Each structure stands twice: as C-alpha cells, then as structure tokens.
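Inside the fold
Spelled out from the first residue to the last, the chains are:
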Amino acid sequence: GNSVTQMEGPVTLSEEAFLTINCTYTATGYPSLFWYVQYPGEGLQLLLKATKADDKGSNKGFEATYRKETTSFHLEKGSVQVSDSAVYFCALSEPNSGGGADGLTFGKGTHLIIQP
Amino acid sequence: DAGVTQSPTHLIKTRGQQVTLRCSPKSGHDTVSWYQQALGQGPQFIFQYYEEEERQRGNFPDRFSGHQFPNYSSELNVNALLLGDSALYLCASSPNSYEQYFGPGTRLTVT
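Here is what the cut-offs are and how they apply
Residues numbered from 1 in each chain as written. Chains lettered and ligands numbered in written order. Predicted model: local features only at pLDDT ≥ 70, side-chain atom pairs only at ≥ 80, totals over all residues. Heavy atoms only, no water. Contact = heavy atoms within 4.5 Å. Buried area = accessible area lost by both parts, 1.4 Å probe. Salt bridge = Lys/Arg side-chain N within 4 Å of Asp/Glu carboxyl O. Helix = DSSP H or I, 4+ residues; strand = E, 2+ residues; numbered from the N terminus. Nonpolar A, V, L, I, M, F, W, Y, C, P; charged D, E, K, R; others polar. Pairing = 2+ DSSP bridges. Phe/Tyr/Trp six-rings, centres within 6.5 Å; stacked < 30°, edge-to-face > 60°. Buried < 20%, exposed > 50% of the residue type's maximum accessible area, 1.4 Å probe, protein only. Lys NZ or Arg CZ within 6 Å of the ring centre and 35° of its normal. 1 Å grid on protein atoms, 1.4 Å probe; cavity = no way out; pocket = protein on both sides within 12 Å on 5 of 7 lines; lining within 4 Å. Points joined across faces, edges and corners; volume = space filled by probe spheres on them. Axes fitted to C-alpha atoms, helices over the stretch in contact; angles between N-to-C directions.

This paragraph deals with the interface of chain B and chain A. The interface is formed by 20 residues belonging to chain B together with 24 residues belonging to chain A. Together chain B and chain A conceal approximately 1,700 Å² of surface at their shared face, both sides included; 53% is due to carbon and sulfur atoms. Remark: the boundary between chain B and chain A carries one salt bridge. Only strand S4 (31-37), strand S5 (44-50), strand S6 (53-57) and strand S9 (87-94) of chain B provide two or more residues apiece to the side of chain B that touches chain A. Within the side of chain B that touches chain A, the residues separate by chemical class into eight nonpolar, ten polar and two charged.

Rendered as structure tokens:
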C-alpha cells in the first residue's frame with residue numbers, strides 16, 4: 001500500500017533561518033504529491049502540490065520538488081517567519097479509474113516552531 | 001464563495017451511541033472525502049463519495065458509513081461509538097481532481 005514518511009518533530013528554528021522538512025513516499029503508481037499546513041485549531045490548508053516527476057510546487061515562499069528517483073518531496077523555505085509556526089503534512093494521492101483522484105495518504109505531520 | 005463547511009463544530013457522545021456529522025462542499029465541487037485525525041497524528045482516509053456513491057474506502061470498519069445527497073453535501077455516520085473514535089473528523093471536497101479543500105472539522109469526544 002501507499003505510505004508517507006516525514007521527519008519527526010518538533011522542529012524549532014529561529015526567525016529567518018532556512019527550513020527543510022523531509023518527506024519520502026511509497027506508492028504503487030504515479031501519485032501526485034502535496035504539502036498541507038494546519039494552524040492551531042484549524043483545518044488543513046493546501047500549501048503546494050506537484051503532479052509529476054521533476055515538477056516544483058511553490059507558494060508563500062515554500063518550495064518542494066517531486067523527485068521520483070529518490071521518492072522524495074522535501075519542503076523548503078529560505079527564511080522562515082514566526083507566522084509559519086504550524087503543523088506541516090506531506091501527502092500523496094493516486095489517480096482513479098474515474099478520472100479523479102483517490103483519497104489522500106498523509107504522513108504523521110511535522111510540528112514547526114519558529115522563535116523570534 | 002463559501003469554502004467547505006462542517007457541522008457541528010464539537011460533539012460529545014457516550015460509548016455505544018450513534019453520531020451523524022455533516023459537510024457542505026465548496027461550490028462547484030462534486031466529490032467529498034472524509035478523514036479521521038487522532039490527536040497528534042496525520043489524517044486517515046475513511047471514504048470518498050462521488051455522484052452519490054461510495055467510490056473508495058479506507059481501512060475503517062462498517063460502523064462508519066456515509067451518504068452523499070444530490071446537492072453534493074454529505075453525511076458521515078458512526079454507529080456503536082468506541083472511546084477510540086474520539087478524533088477530529090475532516091471533510092474535504094474537490095472538483096473530481098487532485099486538489100482537495102478541507103473544512104474546519106468536527107471534534108468528536110466519546111466518553
């Protein structure tokens with residue numbers, strides 16, 4: 001079956017530091033990959049996505065590149081802010097026979113804490 | 001444009017009872033998926049509805065059932081509640097594509 005593995009948290013950084021959150025996956029087919037963010041007390045928000053190998057997803061200064069050869073989708077940001085403190089989830093979804101996508105498979109999440 | 005909405009926000013039930021959670025998808029979205037998120041864990045896929053039928057199911061027992069209405073809204077029903085069913089239940093909608101948009105969730109506590 002499909003699975004997603006993320007680095008354990010919490011990850012604590014100072015403001016303006018460089019961020020990397022590692023994510024690797026196992027899938028039977030050709031999945032799309034996602035990063036979702038969850039702020040305290042809220043639902044999940046889609047941060048970025050990539051649908052095929054070598055695609056780079058980007059949003060709000062965050063980036064991740066779909067690496068098929070290493071089955072990875074690491075999240076990076078050059079300079080983090082206190083407002084980036086949240087839980088980040090890596091996820092994948094495979095296409096289904098109806099032309100849509102299957103349910104998402106999530107990692108366990110990485111809690112990011114940014115200190116001023 | 002309203003996003004995905006869920007009701008109720010919070011719910012407290014007793015073991016053995018039954019519960020119904022509701023979800024209204026984002027306008028224009030015809031696919032609804034449900035997830036269970038235990039405290040400190042990633043969401044786990046329960047099932048997905050499309051055109052009023054269950055299209056895919058995750059590894060959850062038959063106590064978990066659902067329904068999708070002609071207006072694409074959806075319900076999640078859980079029978080014979082167990083303490084372990086306490087979690088945040090998330091609904092997500094999509095226009096039958098890869099991007100799923102999540103609602104704020106329903107926090108279910110089973111005592």
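Still more to cover.
All names here are of chain B. In terms of strand pairing, strand S1 (residues 5-7) meets strand S3 (residues 19-24) through three bridges, oriented antiparallel. When the bridges of S3 are listed, Gln 6 appears paired with Cys 23. As defined by bridge partners, S3 adjoins strand S8 (residues 74-78) across five bridges and the pair is classed as antiparallel. Its bridge partner being in S8, Arg 22 is matched across the sheet by Glu 75.

For the rest of this paragraph, the subject is the packing of aromatic side chains. Enumeration over the complete set of coordinates arrives at twelve aromatic pairs over all chains. Arranged with centres 6.1 Å apart and planes meeting at 80°, the rings of Tyr25(A) and Tyr66(A) form a pair that is edge-to-face. Here the residue Tyr25(A) occupies a position in strand S4 (residues 23-26), and Tyr66(A) occupies one in the loop between strand S8 (62-65) and strand S9 (75-77), the gap between them amounting to 41 residues. Owing to a relative accessible area of 7%, Tyr25(A) belongs among the buried residues under this scheme. On the basis of an interplanar angle of 90° and a centroid distance of 6.1 Å, the ring pair of Phe89(A) and Phe106(A) is categorised as edge-to-face. In this pair, Phe89(A) is assigned in strand S10 (residues 86-93) and Phe106(A) in strand S11 (residues 105-106), connecting sequence segments 17 residues apart. A connected cluster of aromatic rings, assembled from ring pairs, spans Phe34(A), Tyr36(A), Phe89(A), Phe106(A), Tyr35(B), Phe45(B) and Phe102(B). The aromatic ring of Tyr101(B) is capped on one face by Lys26(B), whose charged end is 5.7 Å from the ring centroid. We note Arg55(B) situated over the ring of Tyr50(B); from NZ or CZ to the ring centre the distance is 4.5 Å.

All names here are of chain B. Take Asp 85: it is sitting in the loop between S8 and S9. A relative accessible area of 4% means that Asp 85 is categorised as buried. In contact with Asp 85, not counting residues within four places along its chain, are Gln 36, Arg 63, Phe 64, Val 78, Ala 80, Leu 108 and Val 110.

Residues and elements named next belong to chain B. Using the criterion set out here, one finds seven salt bridges over all chains in the structure. When the shortest N-O distance is used, the salt bridge between Glu 54 and Arg 57 registers 3.1 Å. Note that Arg 63 is salt-bridged to Asp 85, the shortest N-O span being 2.9 Å. Of this pair, Arg 63 sits in the loop between S6 and strand S7 (64-68) while Asp 85 sits in the loop between S8 and S9, and the two are 22 residues apart along the sequence.

This next bit is on the layout of surface pockets. The space that makes up the largest pocket amounts to roughly 430 Å³. What lines the largest pocket is a set of 21 residues, among which Gln38(A), Gly41(A), Gln37(B), Leu88(B) and Arg107(B) lie closest to the centre. With three residues, the top contributor of residues to the lining of the largest pocket is S10(A). Residues that form the lining of the largest pocket fall into these classes: nine nonpolar, nine polar and three charged.

A few words on the sheet that holds strand S7 (residues 56-59) of chain A. All names here are of chain A. Taken together, the four strands give an open sheet; going across it, the order is S3-S9-S8-S7, and neighbouring strands pair in antiparallel fashion. Every interior strand has two partners, whereas the edge strands, strand S3 (19-21) and S7, have only one. Neighbour-to-neighbour, the strand axes of this sheet turn through a mean angle of 15°, independent of strand direction. In terms of strand pairing, S3 meets S9 through three bridges, oriented antiparallel. Its bridge partner being in S9, Leu 19 is matched across the sheet by Lys 77.

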